[in-house]
Each structure stands twice: as C-alpha cells, then as structure tokens.
Amino acid sequence: MSSLFFNRPSLRLGLAVLTLALGACSVSDSAPEEEARAQAIAMRDRELALRERAAAEPQRKMVAAVVPPGPSPFYPGPQAEERDRFAPLLQNPLQRVVDAPVSTFSIDVDTASYSASRRWINYGRLPKPDMVRVEEWLNYFDYTYPVPENAGVPFNTQVTVTDSPWHEGSKLLHIGIKGYEITPEQRPKANLVFLVDVSGSMTAPDKLPLVTRALRMMLTEMNPDDRVALVVYAGASGVVLPPTEVREKTRILQALDSLQAGGGTAGAEGIELAYQLAREHFDKTAVNRVILATDGDFNLGVSDDASLKAMISRQREQGIYLSVLGVGQGNYNDQLMQTLAQNGNGVAAYIDTLSEARKVLVTEASASLFTIAEDVKIQVEFNPATVQEYRLIGYETRALEREDFNNDAVDAGEIGAGHTVTAIYEFTPAGTAPRIEPGRYEAAAGANVATASHGDECAFVKLRYKRPGEKQSQLLEVPVAAGNSTALSVTTQQDVDFAVAVAGAAEILRGGKYSGNWTLEDAITLAQQSKGDDEFGYRAGFIQMLRQASQNRKL
C-alpha cells in the first residue's frame with residue numbers, strides 16, 4: 001500500500017507528459033487518432049481513480065475498527081464539532097438569614113439535564129458545567145414519599161432535616177413532594193398532536209429514527225379512544241395524519257414510518273400548525289397537548305426565544321399544553337427546549353436511547369401527560385434564631401421573587417399524576433462557625449436575634465398550587481423542627497440519602513464550589529448504601545455513571 005502512495009505523483013507526471021505530447025501532435029491528425037488519444041487519457045484517469053480508492057479503503061476500514069461501539073444503534077459517538085447549546089447557569093450563592101430570610105422558587109419536573117449529561121459521560125467526557133441542573137438530576141429518580149389518599153389534596157409534602165456529608169456541622173433540609181396517582185379508570189382521554197422535526201439535521205440514527213420508534217412505544221400504552229395527530233416541519237410544515245383514534249393503530253404507524261428527514265428547520269411554523277390543529281379538534285373532556293420532538297435547531301421563520309415564549313404562553317392559557325422531547329447531539333439547543341416546555345406547562349425530556357424513551361413515554365406516561373396541580377411554588381422562610389445561612393441547591397432557572405409567591409398571575413411549574421419533586425437546602429445552624437464572616441457592627445443585632453419566637457423551628461415551608469383549570473391558588477404550610485428528623489422509616493432514610501448523593505455528585509460535576517472535600521467516590525458510596533428497591537435499575541445506572549465520570553476525570 002505504501003508503494004502505491006509513493007508512486008502516485010509519478011503517475012500524475014506521466015499523465016501530464018502524455019497530455020503534452022498529444023497536444024504537440026499535428027493538428028492535421030485524423031479524427032480516429034484524436035478519438036483514440038481521448039480514450040487513452042480517459043482510461044488512465046479511471047485507472048488512477050481506482051488505485052486511489054483501493055489505497056484509501058483499507059484506511060477507512062481501519063479507522064472504523066477503532067471507534068468504540070455505542071450501547072445501541074441510536075447512540076452514536078461524539079460529534080467532531082460540538083454545537084450543542086446550554087444557557088449559562090450561575091449557582092445559587094450562600095445567603096445570610098439576616099439579609100435574606102426567605103427563598104422562593106417554582107418546582108421543576110424536567111429531566112433533560114440528567115440524560116444529556118449521562119450521554120457525555122458514557123462517551124468518556126465530563127458534562128459542561130452549564131449542562132448540569134441539579135434539580136433535573138434529583139427529579140430524574142422516583143422516591144417513595146407518602147402518597148395522597150385522594151385527589152382532594154393533589155400531593156403530600158415531606159420535610160426532613162439531616163446532616164450534611166460535605167460540611168461538618170451543616171444541615172440539609174430535604175423537601176419531598178409526591179403527586180396523587182390516578183388509576184386507569186380515572187385517566188382522562190388524551191388528545192395529542194405529535195409535532196416531529198424532519199429537517200436535514202434529524203437524519204442521524206439517534207434523531208428521527210429514534211423518535212419514530214419512541215412514539216410507536218407510546219402508542220402501545222394509550223387507550224383505543226385516545227386520539228393522535230401527526231404534524232411535521234422542515235423547510236415548511238404539513239399535516240401527515242389528521243386526528244385519529246388510537247384504535248386505528250395501523251394507519252398511525254404507517255404515517256410514522258413514512259417520515260423522512262431533509263430540508264431546513266421552520267420550527268415556529270410547525271408549532272403554529274400543530275396548535276391550529278389542536279384548537280380545531282379541542283376536546284374539553286380530554287388532555288389536549290402538543291408533543292414536540294426535535295434537536296432544537298430552528299433556523300427558519302420565528303426562532304427567537306421571546307416570540308416563541310409568547311406564542312406558547314397564549315396557547316397554554318387556552319388549555320393546550322406543550323411537552324418537548326429533545327434528541328441528538330451536535331445541534332441540540334437545550335436552552336430553547338427549556339423555554340418551550342416551561343412556558344407550555346409541559347415536561348422537557350432528553351431521549352438518547354430506546355430505554356430512555358420507554359422511561360419517559362411508557363413508565364412515566366401518566367406523570368408526563370396528566371397534570372394534577374398547576375403553578376406549584378415553594379417558599380421557605382428560615383428562622384434567624386436557629387439558622388445563620390443557607391443555600392438552595394439547584395433550581396437556578398426557577399427562581400422567583402418573594403412577592404411572586406402570593407401572586408396567582410405568576411406562572412410556575414406543574415406536577416403530573418404520580419410525579420415526585422425533590423428540593424434540598426443546605427444551612428448552617430446557630431452556634432456553628434458560619435462560612436460568611438459577620439460584619440464588624442453586627443454583634444449587637446445578632447444578640448437580639450436569639451430571642452426571636454419559634455425558637456424550636458429552623459424553617460417554615462409554604463407551598464402554593466392551583467387545581468387544573470382554576471385561577472385561585474391553595475396554600476399548604478409545614479413548620480420544620482430545628483433538630484434532625486427522628487424515627488425515619490428505612491425507605492424514607494434511603495430516599496433522603498440517595499437524593500443527597502445525587503445532589504452532591506451534580507454539584508461536584510458543576511465544579512465543586514460548595515462541595516468541600518466531598519468526592520465522586522463519596523457520592524458513589526452513599527448512593528450504593530441507599531439504593532434500596534430499584535425496580536427499573538435507574539439508581540444502579542446512576543452509580544455506574546458516576547464510576548465512569550470518576551474515570552473520565554483521570555483521562
């Protein structure tokens with residue numbers, strides 16, 4: 001093979017000499033002679049091209065042989081040029097209670113950050129810090145928090161206090177919410193519009209082919225009288241399948257199988273058409289939702305976040321919600337996916353494998369589709385008599401102003417049937433050395449704080465929510481005792497400890513600014529000890545992912 005590469009210039013030189021010699025011949029040569037010369041040149045060109053391809057073919061095979069195989073045909077390796085987009089994310093700072101005793105945020109049940117980060121880790125990389133949203137790591141997992149007995153109060157709230165494993169003397173305030181689980185008989189009809197991106201950027205195996213298989217799986221869990229429609233967009237948008245009952249499954253599957261990728265990405269036009277179809281076939285007795293599957297590469301028409309946000313918010317107010325399934329890499333626009341889902345009262349999930357598609361669209365279908373509480377907000381007030389400083393771990397993109405808590409016009413997150421929501425605060429109790437040094441003139445003021453009322457409490461947790469379709473919110477309140485929670489059941493302690501392991505690992509991968517000397521190995525140990533029942537293997541998968549991340553840090 002090497003001799004062929006070295007002789008290639010001589011072949012070209014010989015061809016050039018032959019061409020010059022032919023050109024020097026008399027113009028009086030006959031036509032048959034000219035034709036023979038042209039054929040000779042063409043034959044030499046073909047011979048040279050064949051030799052070059054033959055020389056390159058072994059190299060191509062050799063390169064392919066050293067590329068590590070992915071875990072499935074829908075899991076290709078990292079792109080040569082990384083163009084995935086994630087919004088800048090500044091971690092919540094440590095707050096002094098005397099300066100800011102109240103913390104307010106919207107709940108979040110998205111999971112896209114976890115599965116997108118996992119993909120990077122499984123291919124030998126560490127996720128970018130902005131990829132890691134701690135709340136989406138926490139809420140990727142299910143927890144056995146107490147389940148409401150009936151739908152009158154759509155969720156239960158469990159608050160516990162435990163020791164922080166990464167700062168001696170600090171405490172963790174753990175808030176766990178469990179949504180009411182509806183039975184199959186209680187499940188309303190689903191009236192869905194699948195909006196599928198079929199632009200040229202969706203040609204990869206982990207994009208459009210994965211989306212169509214994922215939606216096929218979802219159909220297996222739907223009721224015969226549920227309805228689905230199919231809208232696509234590329235350079236333009238169109239209706240592939242009008243609203244059709246799931247009992248006509250063959251017709252729906254044929255429509256999905258007909259999809260092919262190619263063209264630009266007029267995403268906004270596709271969203272408008274999907275909403276138009278949803279409005280024309282709106283069913284007051286059903287859940288009306290658009291499910292968008294895309295890599296987020298909107299490059300035609302209206303594509304700025306503000307315009308899309310306004311359009312989706314208007315449809316949300318009319319009872320048509322939007323959920324987002326992000327796929328692929330190289331063009332993935334996470335920031336846009338978050339904007340669309342948050343303003344559409346829906347979930348933003350990232351699907352990288354059929355296993356993840358099954359989790360989102362089959363195992364957790366009820367939680368993803370059927371909302372039981374809207375505009376859910378949490379507000380925590382810390383007692384300055386017992387707490388010096390605190391920090392909310394995660395939820396940076398869901399922060400609200402203090403006055404937003406009582407303002408029912410302010411949008412917040414939704415909880416679906418059976419959803420669990422977890423939030424963790426770290427705080428420094430009174431009597432423990434603070435991490436923020438007190439000011440020179442605060443001693444006198446600090447002495448007065450110790451006489452404040454409710455000295456047996458460290459915090460007061462409040463939640464607001466609306467029942468679906470209602471305009472006025474309901475209020476729940478939970479006082480939190482200053483000491484560690486006592487007499488926790490085995491499963492409750494395992495849930496709390498596992499959530500702490502997840503939050504701590506995510507913080508380390510974000511840079512470890514607030515993690516002290518805690519390591520990924522410490523997180524692995526705690527997660528292993530608290531894995532508990534793991535029916536679908538998600539917790540075991542987390543532990544394996546951390547082991548891979550620990551190895552990646554050494555590369």
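Quantities reported herein were computed from a predicted structural model and do not represent experimental measurements. (Residues numbered from 1 in each chain as written. Predicted model: local features only at pLDDT ≥ 70, side-chain atom pairs only at ≥ 80, totals over all residues. Heavy atoms only, no water.)

Next up on the list: the confidence of the model for the protein. A low pLDDT means the predicted coordinates there should not be read in detail. Per-residue pLDDT for the protein has a mean of 84; in total, 81% of the residues score no lower than 70. Scored below 50 in pLDDT, residues 444-448 shows zero contacts in the model against residues more than four places distant or in partner chains. (pLDDT = per-residue confidence, 0-100. Contact = heavy atoms within 4.5 Å.)

This next bit is on helix α3 (residues 112-122). Taking burial as the measure, the 11 residues of α3 include 10 buried ones, the bulk of the element. Three or more residues of α3 are buried, namely Ala-112, Ser-113, Tyr-114, Ser-115, Ala-116, Ser-117, Arg-118, Arg-119, Trp-120 and Ile-121. (Buried < 20%, exposed > 50% of the residue type's maximum accessible area, 1.4 Å probe, protein only. Helix = DSSP H or I, 4+ residues; strand = E, 2+ residues; numbered from the N terminus.)

This part is about the environment of Asp-108. Along the chain, Asp-108 falls in the loop between β2 (102-106) and α3. By relative accessible area, Asp-108 is classed as buried at 1%. Discounting residues that sit within four places of it in the chain, Asp-108 has contacts with Glu-135, Glu-136, Asn-139, Tyr-395, Arg-398 and Val-421. A polar atom in the side chain of Asp-108 sits 3.1 Å from the side chain of Arg-398. (Polar contact = N/O pair within 3.5 Å; in protein donor to acceptor, adjacent residues only side chain to side chain.)

If you trace the six strands from one edge of the open sheet to the other, you get β7-β6-β5-β8-β9-β10, paired in mixed fashion. At either margin of the open sheet sits one strand with a lone partner, and together these are β7 (237-245) and β10 (348-351). For this sheet the average axis-to-axis angle between neighbouring strands, irrespective of direction, equals 20°. Bridge count for strand β8 (residues 286-294) against strand β9 (residues 321-327) is six bridges, and the pairing is parallel. Looking at β9, one finds that Leu-292 is bridged to Val-324. In the packing of helix α10 (residues 354-363) onto the sheet, contacts are made with β9 and β10, and the angle to β10 comes to roughly 155°. (Pairing = 2+ DSSP bridges. Axes fitted to C-alpha atoms, helices over the stretch in contact; angles between N-to-C directions.)

By the burial criterion, the buried members of helix α6 (residues 249-257) are Ile-252, Leu-253, Ala-255 and Leu-256. The arc that holds every buried residue of α6, seen down its axis, measures 155°, which confines them to one face. Residues of α6 that are exposed and angled more than 90 degrees away from the buried face: Thr-250, Gln-254 and Asp-257. Of the surrounding elements, those touching the buried residues of α6 are α5 (208-220), β6 (227-233) and β7. (Arc of directions from axis to C-beta.)

Read from one edge of the open sheet, five strands run β1-β12-β14-β4-β3, paired in antiparallel fashion. Taken across any chain shown, the strands that pair with only one partner, and hence form the sheet edges, are β1 (95-96) and β3 (155-163). Sheet topology note: the strand β12 (residues 387-393)/strand β14 (residues 420-429) ladder contains six bridges and is antiparallel. Looking at the pairing, Leu-392 lines up with Tyr-425 of β14.

Running from N to C, α5 and α10 point in directions that differ by 40°, and their axes come no closer than 9 Å. What the angle tells us is that α5 and α10 run oblique. Here the hand of the crossing between α5 and α10 comes out right-handed. The residues of α10 that touch α5, namely those facing Leu-210, Arg-213, Ala-214, Met-217 and Met-218, are Leu-354, Ala-357, Arg-358, Leu-361 and Val-362. Partitioned by chemical class, the residues of the contact of α5 with α10 number eight nonpolar, no polar and two charged. (Parallel < 35°, antiparallel > 145°, perpendicular 65-115°, else oblique. Left-handed = near helix turned anticlockwise from the far one by under 90°. Nonpolar A, V, L, I, M, F, W, Y, C, P; charged D, E, K, R; others polar.)

Here we come to the environment of Gly-326. Within the secondary structure, Gly-326 is located in strand β9. Sequence separation between Gly-326 and Ala-112 is 214 residues, and the spatial gap between their C-alpha atoms is 7.7 Å. Once residues lying within four places of it in the same chain are set aside, the contact partners of Gly-326 are Thr-294, Tyr-332, Met-337, Ala-349, Tyr-350 and Ile-351.

Another aspect to go through is the packing of aromatic side chains. This structure, assessed with the given rule, holds 21 aromatic pairs. Ring centres of Tyr-114 and Phe-141 lie 5.3 Å apart, and the angle between their planes is 75°; this geometry places the pair in the edge-to-face category. Of this pair, Tyr-114 sits in helix α3 while Phe-141 sits in the loop between α4 (134-138) and β3, placing them 27 residues apart in sequence. Accessibility assignment for this pair places Tyr-114 and Phe-141 in one class, buried. Taken together, Tyr-114, Trp-137, Tyr-140, Phe-141, Phe-498, Phe-536, Tyr-538 and Phe-542 form an aromatic cluster joined through their ring pairs. Lying over the aromatic face of Trp-120, Arg-125 brings its terminal NZ or CZ to 3.9 Å of the ring centre. Taking the ring centre of Phe-498 as reference, the NZ or CZ of Arg-539 above it sits at 4.4 Å. (Phe/Tyr/Trp six-rings, centres within 6.5 Å; stacked < 30°, edge-to-face > 60°. Lys NZ or Arg CZ within 6 Å of the ring centre and 35° of its normal.)

It is worth spelling out the pairing of strand β15 (residues 457-466) at this point. Of all 10 residues in β15, nine are buried; the element is thus mostly enclosed. Looking at chain direction, strand β11 (residues 371-382) and β15 are connected through seven bridges and run antiparallel. What sits directly across from Ile-378, in β15, is Leu-463. The pairing of β15 with strand β16 (residues 474-481) spans eight bridges and is classified as antiparallel.

So, on to the packing of helix α13 (residues 490-509) against helix α14 (residues 520-529). Running from N to C, α13 and α14 cross one another at 165°; their axes reach a closest spacing of 8 Å. In terms of orientation, α13 lies roughly antiparallel with respect to α14. As α13 runs across α14, the sense of the crossing is left-handed. Facing Asp-497, Phe-498, Val-500, Ala-501, Ala-505, Ile-508 and Leu-509 of α13, the residues of α14 in contact are Leu-520, Ala-523, Leu-526 and Ala-527. Within the contact of α13 with α14, the residues separate by chemical class into 10 nonpolar, no polar and one charged.

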